[in-house]
Amino acid sequence: MTPSSAQFILLVNLSLLLLSARTDAGENKYSAEANKAKYADSSQLPTSLRDLDKPFRMAKLNVLWVKAKNRLTDTKLQSIFSDLKIHDKEELAYKHYKSDGKDPDGLEEARLRQKLIGIMSTYDLLEHFVDTEDPKLLKMHKALNDGSNYVAKDVFKDIRLNKLWSKAEMAGFTNEELETLKQEFHHHQEKVDEYMSLLKEQSKDSEKSENTLHLKSESWNEIEEREELSNDIPDQKLNHMEKANLLREKHLELRNGFDRLDRLTAKGPNHKDFIEPKVQGLWKIALEAKFSPEELSSLKEELLHYESRLLKLRHLHTEGALEAAQKGQLHDLENSTAEQHIKKHVRTVQKLHADLETKIMQKHTEL
């Protein structure tokens, strides 16, 4: 073999080695192993949506996500994440749709663009959208933003109290009024803490008692039953009945106290009956339509049901994304059982929204 031939073979082998290294690096960059390495330290595992950098497949949505993380509180961030998650899949489906030569007039593309504009408007982020130079778009943004899209971060330990405080912050109180109301909320939280402390003493199941007040309102009956059952347990200190009576007294005081705070919150000039902006929008249109008081009451129940389904979907999207990230996956697995469950929930929520919107708009057009 001549020196020149040997040099050529050496050069080829070296090139192949470099190409192999690049290919491996390219493959590993987005692999589960690479992502797991990123979170090698368990303390770095993503625990909230704010820890996710690029949760969407569409680059433009990841850009908007960065803006959302800087602007929105945790509650609203969860809502917009869910909306963008659904939109991400629709954009991806459209990409394949267009590659097949469909949508020659761009009607579907325009629909998706308008939908994204609507999402950004809902969360007061329209100025971060690509075409904000359009004066008409900015005018629409200002009209849609009524300042109600801010929701407080967790302030109180009690979940029900915290949800009520979120409504209070959106209710249009002055700073002085809100500060006075906040003191009332803190006072109630102290009473909740005192009650939970007393309940722990009466129950061996302390973990269950800690969560009792966070359950739905129907669960108050369970507390009462547990208090009644505790009357049959012998008390070596001879003060069991006194504690049981005190618990019942405190329990009633808490229920009345929470109802009072609810009434105070409802006095705010901008008080909202719903948490989700989408539901708030439907309710606002309904109030302007020709519904009778009985029809409005019935519609409100339907909207509350829709809102609970919507909030559940937000939770499922968040849970799925965090679980995927913790496993080192860039995105949820499309054909997983969890993803199929989410898709089913999405269809249910979308149908509920469409039905309610049709019902409300039909009445509204009668004006």
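Residues numbered from 1 in each chain as written. Predicted model: local features only at pLDDT ≥ 70, side-chain atom pairs only at ≥ 80, totals over all residues. Heavy atoms only, no water.

1. Observations regarding the packing of aromatic side chains
Right, so step 1: All chains considered together, the criterion is met by eight aromatic pairs.
Right, so step 2: When the ring of Phe 56 is compared with that of Phe 81, the centres are 5.5 Å apart and the planes differ by 40 degrees; the resulting orientation is tilted. Here Phe 56, found in the loop between helix H2 (32-38) and helix H3 (59-71), pairs with Phe 81, found in helix H4 (residues 74-99); they are 25 residues apart in sequence, far enough to count as distant. For the pair shown, Phe 56 and Phe 81 are each scored as buried.
Right, so step 3: Taken together, a centroid distance of 6.3 Å and an interplanar angle of 40 degrees make the contact between Tyr 94 and Tyr 97 tilted. You can see Tyr 94 and its partner Tyr 97 sitting in helix H4, three residues apart, about one turn around the helix.
Right, so step 4: Between the NZ or CZ atom of Arg 160 and the centre of the ring of Phe 258, over which it lies, the distance is 4.1 Å. (Phe/Tyr/Trp six-rings, centres within 6.5 Å; stacked < 30°, edge-to-face > 60°. Helix = DSSP H or I, 4+ residues; strand = E, 2+ residues; numbered from the N terminus. Buried < 20%, exposed > 50% of the residue type's maximum accessible area, 1.4 Å probe, protein only. Lys NZ or Arg CZ within 6 Å of the ring centre and 35° of its normal.)

2. Things to note about the pattern of salt bridges
Right, so step 1: In the structure shown here, the tally under the stated rule is 18 salt bridges.
Right, so step 2: Ionic pairing is found between Glu 184 and Arg 260, a salt bridge with its closest N-O pair at 3.0 Å. Remark: Arg 260 occurs in helix H11 (residues 240-265) and Glu 184 occurs in helix H8 (residues 175-202); sequence separation between them is 76 residues.
Right, so step 3: The class for Arg 260 is partly exposed, based on a relative accessible area of 37%.
Right, so step 4: Of the charged contacts in the structure, one is a salt bridge between Glu 302 and Lys 359, with a shortest N-O distance of 2.6 Å. Of this pair, Glu 302 sits in helix H13 (residues 293-326) while Lys 359 sits in helix H14 (residues 337-364); the two residues are 57 residues apart in sequence, bridging distant segments of the chain.
Right, so step 5: A relative accessible area of 30% places Glu 302 in the partly exposed class.
Right, so step 6: We classify Lys 359 as partly exposed; its relative accessible area is 35%.
Right, so step 7: Each of Asp 83, Glu 276, Lys 278 and Arg 314 takes part in one network of salt bridges that share partners. (Salt bridge = Lys/Arg side-chain N within 4 Å of Asp/Glu carboxyl O.)

3. Some points on H14
Right, so step 1: In this model, H14 (28 residues) spans 41 Å end to end at C-alpha, consistent with the 40 Å of a helix rising 1.5 Å per residue.
Right, so step 2: Listing the buried residues of H14 in full gives Glu 339, Ile 342, His 345, Val 346, Val 349, Leu 352, Leu 356, Ile 360 and Lys 363.
Right, so step 3: Along its buried surface, H14 packs onto H4, helix H12 (277-287) and H13. (Expected span 1.5 Å × (residues − 1). Contact = heavy atoms within 4.5 Å.)

4. Describing the packing of H4 against helix H5 (residues 107-122)
Right, so step 1: Running from N to C, H4 and H5 point in directions that differ by 170 degrees, and their axes come no closer than 11 Å. Taken together, the axis directions place H4 and H5 in an arrangement best described as roughly antiparallel. In the packing of H4 onto H5, the handedness of the crossing is left-handed. Two secondary-structure elements touch here, H4 through Ile 80, Asp 83, Leu 84, Ile 86, His 87, Glu 90, Glu 91, Tyr 94 and Lys 98 and H5 through Glu 108, Glu 109, Arg 111, Leu 112, Lys 115, Leu 116, Ile 119 and Met 120. (Axes fitted to C-alpha atoms, helices over the stretch in contact; angles between N-to-C directions. Parallel < 35°, antiparallel > 145°, perpendicular 65-115°, else oblique. Left-handed = near helix turned anticlockwise from the far one by under 90°.)

5. A look at unusual backbone geometry
Right, so step 1: A positive phi angle, near 60 degrees, is found at Asp 103, a position not held by glycine.
Right, so step 2: For Asp 103, the position within the fold is in the loop between H4 and H5.

6. Describing the confidence of the model for the chain
Right, so step 1: Mean pLDDT over the chain works out to 75, with 68% of the residues at or above the 70 mark.
Right, so step 2: Between the elements of the chain, mean pLDDT differs from a low of 44, seen in helix H1 (residues 3-29), to a high of 92, seen in H13.
Right, so step 3: Confidence drops under a pLDDT of 50 for residues 131-135, and excluding neighbours within four residues, the segment shows six contacts in the predicted structure.
Right, so step 4: In the predicted structure, residues 140-152 sits below a pLDDT of 50 and forms 29 contacts with residues beyond four places in sequence or in another chain. (pLDDT = per-residue confidence, 0-100.)

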